[in-house]
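Read off the chains here:
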Amino acid sequence: LGGHNKIVAKLNKNGCKRFFVANINEGIFIRKKFKSIIVNVLNGLNKGEEKIFYSNNLNPVINSISQLKKWLFFLKNKKKNKLVIHFDTGMCRLGIQENHIKEVVKLKKQIDQFKEVIIMSHLACSGNKKDKFNEIQRLRFEKIKKILPGYKYSLAASGGIFLGKKYHYDLVRPGINLYGG
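Below is a summary of the structure that appears in this document. Note that residues are indexed from 1 along each chain, following the sequence as it is written. Per-residue local features of the predicted model are confined to residues with pLDDT of at least 70, and side-chain atom pairs are confined, for both listing and counting, to 80 or more; whole-chain, interface and lining totals are unaffected and use all residues. Hydrogens and water molecules were not included; the side-chain quantities draw on all heavy atoms of the structure.

## With respect to helix α4 (residues 65–74)
Phase 1: Here's how the labels work: a residue is buried when its accessible area is under 20% of the maximum for its type, exposed when over 50%, partly exposed in between, all with a 1.4 Å probe on protein chains only. Helix and strand labels come from DSSP, where a helix needs a run of H or I of at least four residues and a strand needs a run of E of at least two; each type is numbered from the N terminus. Regarding α4, the residues found buried are I65, Q67, L68, W71, L72 and F74.
Phase 2: Here a residue-residue contact requires only that any non-hydrogen atoms of the pair lie within 4.5 Å. Turning to α4, the residues buried within the fold contact α3 (50–55), β3 (59–62), β4 (82–88), β5 (96–97), α5 (101–106) and α6 (108–111).

This is the structure:
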């Protein structure tokens, strides 16, 4: 994790204020040294972690309806800064399934209480520019964007950045590219 501090310091110095990390331990480690950055934890909100996320000013990337409901309930009478909701458009690893979007829409009033909301997904085949599944996922993401308008959107991680601007939306997540991948 020591290498993370060097990279975060360099990126922060050059204007990057938002970071995505794999798990809560990485988030806490980075938060100790960097108080003013935004730290989003991709692994989501696991059982009993609400207070840890809140007290360390970390944002769980919400990967299921149960996580969303749990986080919204926990924050009921607390300050609501940032919310990141991850939809699975085909990666089949993390994220709310497309067929559950109506459940998210039902919670829109609570979601809209946050100062910033990011809707994100992750491309399964972005390492292969010619793979047609990239466009299938982008179109699925567009449908989600139309159902949940007015937020920020993020689809492209490392490989997706090289697929072109239509995959970039409001923010990209360079991840492994930062390490030479």
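What follows continues from the structure just given.
## Side note on the pairing of strand β1 (residues 18–21)
The side chains of a regular strand alternate, residue by residue, between the two faces of the sheet.
Phase 1: For two strands to pair, DSSP has to find at least two bridges joining them. As judged from the four bridges shared by β1 and strand β2 (residues 38–41), these two strands associate in the parallel manner. Each bridged residue has a counterpart across the sheet, and for V21 the counterpart in β2 is V41.
Phase 2: After leaving β1, the chain enters helix α2 (residues 24–33) and then returns to the sheet as β2, a path that is right-handed. Look down the strands so they point away from you; if the path from the first strand over the helix to the second goes clockwise, the crossover is right-handed.

## Topic: the pattern of salt bridges
Phase 1: Put simply, a salt bridge is a Lys or Arg side-chain nitrogen that is within 4 Å of an Asp or Glu carboxyl oxygen. This model, assessed by the stated rule, comprises seven salt bridges.
Phase 2: Where E135 meets R138, a salt bridge forms, and the shortest distance between an N and an O atom there is 2.6 Å. With E135 and R138 both in helix α7 (residues 133–147) and three residues apart, the pair spans about one turn of that helix.
Phase 3: The exposure class assigned to E135 is partly exposed, which follows from its relative accessible area of 24%.
Phase 4: With a relative accessible area of 12%, R138 lands in the buried category.
Phase 5: One continuous salt-bridge network, built from bridges that share partners, spans E135, R138, E142 and K166.

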